[in-house]
Amino acid sequence: MSQPDPTPSGVADAGLQEEVERLHAEMEEARPPHAGPISQAAAALVALVVGVLAATGSYALGLGRLTQPGPGLWPFAISVVIVVLSVVLLVTGRRLEDTERFSKSSLLTAVALVTLVALAALLPVIGFEIPSLLLTFVWLRWLGKESWRSSIVISIGAVAAFYVIFVLLLQIPLPRLI
Amino acid sequence: MDISPILNGFGVVLEPTNLLYCLVGVIIGMLIGVLPGLGPGATIAILLPITYGIDPVSAIIMLAGIFYGAQYGGTITSVLLRLPGEASSVVTVFDGFALARQGRAGTALGIAAIGSFVGGTVSIIGLTVLAPVVAGFALDFGPPEYAALGILGVLLVSAIGNGNRLKAVIAACVGLLIATVGRDTFTGAERFTFDSLNLAEGIDFIPIAMGLFGLSEILYNIEERHNQVHSPAKVGNVWPSRKDLGQAKGAIGRGSLIGFLLGVLPGGGAVLSSLAAYAVEKRRAKQPERFGRGAVEGVAAPETANNAAATSSFIPLLTLGIPANATMALIFGALLIQGIQPGPQLVTEHPDVFWGVINSMYIGNILLLIMSIPMVGVFVRILRVRPAILAPITVLITLLGAYTVRNQVYDIFLVIGFGVLGYLMKKFGFEPGPLVLAFVLGSMIESSARQSLLIFGGDPAGFLTRPISGTVLAVVVIVAAWPLIRKALPRKKPAAVPGDSDRVEEKTP
Amino acid sequence: MTILVGYLPTPEGEAAVEAGLREGALRGERVIIVNSPRRGAPVDEHMVGEAARDELLRRAKEAGVEAEVRQPLHDDDLPETFDRLVEETGASLIVIGLRHRSLVGKFVLGSAAQRILMEAEVPVLTVKAAR
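Residues numbered from 1 in each chain as written. Chains lettered and ligands numbered in written order. Predicted model: local features only at pLDDT ≥ 70, side-chain atom pairs only at ≥ 80, totals over all residues.

1. Side note on the overall build of chain B
Phase 1: Secondary structure summary: chain B contains 22 helices and two strands in total.
Phase 2: Relative to the compact-globule value of 23 Å for 509 residues, chain B shows a C-alpha radius of gyration of 22 Å, a close match.
Phase 3: The principal-axis extents of the C-alpha atoms in chain B amount to approximately 65 × 50 × 50 Å.
Phase 4: Counting only residues that meet the buried cut, chain B has 62% of its 509 residues in that class.
Phase 5: At a minimum sequence separation of 6, the contacts of chain B that also span at least 24 residues come to 80%. (Helix = DSSP H or I, 4+ residues; strand = E, 2+ residues; numbered from the N terminus. Rg over C-alpha atoms; globule rule 2.2 N^0.38 Å. Buried ≥ 20, exposed ≤ 12 C-beta atoms within 10 Å, placed from the backbone. Contact = placed C-beta atoms within 7 Å.)

Encoded structure:
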């Protein structure tokens, strides 16, 4: 089998690269608009804070010596890398366009998060059935904009199916009401 | 070479239960892979708890099945909807979608299935021959080599993945940091536990993977991204004609080889190889202008290559214990959960697992071929299901699944926490992949590095004087400094490629 | 003035288009053929492709009616989608196809046609599929 160029340099076909980038750009269009320099700075700052906190935390654990590394040496080394890189990001990353603006529909994600936490909190108290039912219903009706009728039918059906599969067939010890 | 463990491996795989697991894996993988939004990584992550209860070989066989199925599912959406499920099927879109618009979607899908099968099989044969050799070579590796290899693996995955490299490396470092939470094995000191008993045991791999890959993807998709609706496409005849096969033959052969070779590289082997295979075919073609307008080779080459690469990326995982990409990191994590440490010892200590995994790929590939060609119509129908209906069901599987692993609500909260982290990371342009990979390798890198320091009597120069670790670290430096090097080099002007510009202007409604 | 025609690739939908075009020719009005897919799923079987759109326009031309095809997405609010179109285009009439449904079918699936009938602010002409 003759092969002209199976090495990675064969990838450096500029036209192809362009095509791929164009396709990516097109898929990006479906994303909300990018969020601009402030969010970039915020992201870098959060990373920086994480780095600094981790560095102080691991310093407190004790670095030890290279002959006898302490528990904090390795995390300290990583934290220093994080700090350095986030400073570089803070300085050079202002014009990146890979962050996403939070929009009205981000509220949906917040609602979803509430239902998740509620499920986790209620699970040990009242079993999995009612919280699961509520979660599916909220997701269908308000996050998925399904009709009342199909939301009710599908959520009851789904929870019943879970009950049959998890509890009756697989006999997994889920906390449950019935 | 002693052939009996290989045959025993086939014995393991051909047990009816394992065949069933493989079949179930392929089906689930295809079902979920067809849905936009959830790629192979998310699918495997969500289903990790299932593998917890079954024995290691079956678990890995099933995961490998899911992996194959999900990849082919992504191909279906690339061809029909112009929505690549994964970066490695992006190039498939060009000619696959063009074929679909000519009413030849079936041909494209059939060629893709055959190409994947051939590529996968060639790659598995290569794997069968090569893996024990590499493992034997790696048996001499000591802690310094492992530390260096681990760092190289993390860095390459961060550098080659999509998105900003700086952010990727930061994410990877956070992953390394999370891996240090809990009791330090050397000194017994508690690190970053904040006096929490739960944290003292360290953070488990399952909630991290489920949160960052699974739940974050679902939360991210809630903000309606797929707003295009397509009219149902005619798939047509799935069996490619003799003429199509003749045209694709060369592309499949070359794609298998390219995929196998590039897949071994850590980082986006599958992505790179699909691009390379496409580029090679286009350059070899007598009429390169056919590409992008429905050339069968344009589907065959990348699909063959990405499957071959996905298979050969098991080599570094099984022989060195270094996952080559985020999906391999998940399989690595699944093996660790089963108490199996992938690495050079695997082939001698757990030959049943080693050969079971490799041979399950033969079976997985055959099942994929058997499933995909007659069943394409069924999978295409799944595209009519609204993701909004499946999302809550997926969420329930994720949360309740996380609970069942240890019967602790704490694990559900962890999944939610990492889900939110992953969602925010995506919003701010950080990829979760490098974080998960770094987390998986974190404790291995740390303990190898510390053991090495003990071996060297505290002199870090020891890393550089050992030939293998020195070479690996040199590569690490080159990869890390690559953007600077490239800036310093004079840039060649890219040549424009004619005949490719007419594809983008019109979308199907 | 304009006429809105609700169209799905079903016998009822074809009947609606036929009636709508006839009405358009009679009144000398523009016809907007509405083929609205449900938002969410990547593929909707009720959505028509390019070829079918061209065919609809060809039929309109044959009938001597000025026509266009619109494909707005709808959620669980098809009547509202029609309302919006009425407002936007100043349509004077909506033409839709009706299908016979059993009681159970009505309960499970509801009836978008019935809701349009009840909620639309302009006259609605309903037609049945040719037998």
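Text resumes after the structure shown.
2. Topic: the overall build of chain A
Phase 1: Across its full length, chain A holds six helices and zero strands.
Phase 2: What you see in chain A, going N to C, is helices and strands ordered as α-α-α-α-α-α.
Phase 3: Here chain A holds 178 residues, and the buried ones make up 34% of them.
Phase 4: In chain A, the proportion of contacts linking residues at least 24 apart, taken out of those at least 6 apart, comes to 60%.

3. Concerning the sheet that holds strand β4 (residues 91-98) of chain C
All names here are of chain C.
Phase 1: Spatially, five strands are ordered β3-β2-β1-β4-β5 in an open sheet, and the strand pairing comes out parallel. Strand pairing shows two members of the sheet lacking a second neighbour, β3 (67-70) and β5 (124-128), which therefore form its edges. The average undirected angle you get between the axes of adjacent strands in this sheet is 20°.
Phase 2: Taken together, the five bridges between β4 and β5 define a ladder with parallel strand orientation. Looking across to β5, one finds that Val95 is bridged to Leu125. (Pairing = 2+ DSSP bridges. Axes fitted to C-alpha atoms, helices over the stretch in contact; angles between N-to-C directions.)

4. Comments concerning the pairing of strand β1 (residues 2-6) of chain C
Residue and element names in this part refer to chain C.
Phase 1: Among the five residues that make up β1, five are buried, leaving the element largely enclosed by the rest of the structure.
Phase 2: In β1, alternate side chains face the same way, and those of Thr2, Leu4 and Gly6 on one face and Ile3 and Val5 on the other are all buried.
Phase 3: The pairing of β1 with strand β2 (residues 30-34) spans five bridges and is classified as parallel. The partner of Thr2 across the bridge, within β2, is Arg30.

5. Considerations on the interface of chain B and chain A
Phase 1: Taken together, the contact between chain B and chain A spans 75 residues of the former and 76 residues of the latter.
Phase 2: Only α5 (92-101), α8 (165-179), α10 (205-222), α11 (242-263), α12 (269-284), α18 (387-406), α19 (409-427) and α20 (432-455) of chain B provide two or more residues apiece to the side of chain B that touches chain A.
Phase 3: Broken down by element, the side of chain B that touches chain A gets its largest block of residues, eleven residues, from α18 of chain B.
Phase 4: Along the lines of polarity and charge, the residues of the side of chain B that touches chain A split into 49 nonpolar, twelve polar and 14 charged. (Nonpolar A, V, L, I, M, F, W, Y, C, P; charged D, E, K, R; others polar.)

6. Regarding the domain arrangement of chain A
Phase 1: Partitioning chain A into structural domains gives domain 1 (37-95) and domain 2 (106-169).
Phase 2: A C-alpha centroid distance of 40 Å is found between domain 1 of chain A and domain 2 of chain A. (Domains from an automatic or database assignment.)

7. Thoughts on the packing of helix α2 (residues 16-34) of chain B against helix α17 (residues 351-382) of chain B
Residues and elements named next belong to chain B.
Phase 1: Look at α2 against α17: their axes get within 9 Å of each other, and the N-to-C directions meet at 40°. By the angle class used here, α2 and α17 are oblique. Considering how the two elements wind past one another, α2 and α17 form a crossing that is right-handed. On α17, the residues that touch Leu19, Cys22, Leu23, Val26, Ile27, Met30, Leu31 and Val34 of α2 are Ser360, Ile363, Gly364, Leu367, Leu368, Met371, Phe379 and Ile382.
Phase 2: For the contact of α2 with α17, the residue count by class is 14 nonpolar, two polar and no charged. (Parallel < 35°, antiparallel > 145°, perpendicular 65-115°, else oblique. Left-handed = near helix turned anticlockwise from the far one by under 90°.)

8. Some thoughts on the packing of α10 of chain B against α18 of chain B
When two helices pack together, their arrangement is given by the angle between the helix axes and by the axis-to-axis distance.
All names here are of chain B.
Phase 1: For the pair α10 and α18, the least separation of the axes is 11 Å and the interaxial angle reads 165°. As the angle between them shows, α10 and α18 are arranged roughly antiparallel. Once α10 is placed against α18, the crossing between them reads as left-handed. Residue-level inspection shows Ile206, Pro207, Met210, Gly214, Leu215, Ile218 and Asn221 of α10 in contact with α18, the latter providing Pro387, Ala391, Thr394, Val395, Thr398, Ala402 and Val405.
Phase 2: Classifying every residue of the contact of α10 with α18 gives ten nonpolar, four polar and no charged.

9. Remarks on the nonpolar core
Phase 1: Ranked by size, the top nonpolar core spans 222 residues in total, and within it Ile60, Leu63, Ile170, Ala209, Leu399 and Val436 of chain B carry the most contacts.
Phase 2: Tallying contributions element by element places helix α4 (residues 56-81) of chain B first for this core, with 16 residues.
Phase 3: Counting contributing residues, this core receives three or more from each of domain 1 (37-95) and domain 2 (106-169) of chain A.
Phase 4: Non-local contacts of Ile60 of chain B, meaning those with residues more than four positions away in its chain, are made with Ile331, Ala334, Leu335, Val353 and Val357 of chain B. (Core = buried A, V, L, I, M, F, W, Y, C linked by C-beta atoms within 7 Å.)

10. Re α19 of chain B
Phase 1: Compared with the 27 Å implied by 1.5 Å per residue over 19 residues, the 27 Å span of α19 of chain B between its first and last C-alpha is a close match.
Phase 2: Remark: Gly429 of chain B follows α19 of chain B within two positions and exhibits a positive phi of approximately 80°. (Expected span 1.5 Å × (residues − 1).)

11. Examining the confidence of the model for chain B
Residues and elements named next belong to chain B.
Phase 1: Per-residue pLDDT for chain B has a mean of 85; in total, 94% of the residues score no lower than 70.
Phase 2: Per-residue pLDDT, averaged within each element of chain B, yields its smallest value for helix α1 (residues 4-13) (77) and its largest for α19 (96).
Phase 3: Contacts of residues 493-509 to residues separated by more than four positions or lying in other chains number 14 contacts, the stretch itself having pLDDT below 50. (pLDDT = per-residue confidence, 0-100.)

12. Focus on the environment of Ile258 of chain B
Phase 1: Among the secondary structure elements, Ile258 of chain B is positioned in helix α11.
Phase 2: The sequence separation of Ile258 of chain B and Val475 of chain B amounts to 217 residues, and the corresponding C-alpha distance is 22 Å.

13. Here's the deal with the UniProt feature "transmembrane region" (unreviewed entry) in chain A
Residue and element names in this part refer to chain A.
Phase 1: The positions that UniProt labels "transmembrane region" (unreviewed entry) are, in the present scheme, residues 41-61, 73-93, 105-128 and 148-170.
Phase 2: Split by type, residues 41-61 is 100% helix and 0% strand. Its first and last C-alpha atoms lie 30 Å apart.
Phase 3: Taken as a whole, residues 148-170 contains 96% helix and 0% strand, while its terminal C-alpha atoms sit 31 Å from one another. (UniProt positions renumbered as here; feature names shortened; annotations may be inferred.)

14. A word on the environment of Arg466 of chain B
Residue and element names in this part refer to chain B.
Phase 1: Relative to the helices and strands, Arg466 is located in the loop between α21 (462-465) and α22 (467-488).
Phase 2: Arg466 sits in the partly exposed class, given 19 other C-beta atoms within 10 Å.
Phase 3: Residues Arg466 and Ala277, 189 residues apart in the sequence, show an inter-C-alpha distance of 36 Å.

15. Quick look at the confidence of the model for chain A
All names here are of chain A.
Phase 1: Mean pLDDT for chain A: 85, with 87% of residues reaching 70 or above.
Phase 2: Taken element by element, chain A is modelled with least confidence in helix α1 (residues 14-28), mean pLDDT 70, and with most confidence in helix α4 (residues 106-126), mean pLDDT 95.
Phase 3: Confidence drops under a pLDDT of 50 for residues 1-12, and excluding neighbours within four residues, the segment shows 24 contacts in the predicted structure.

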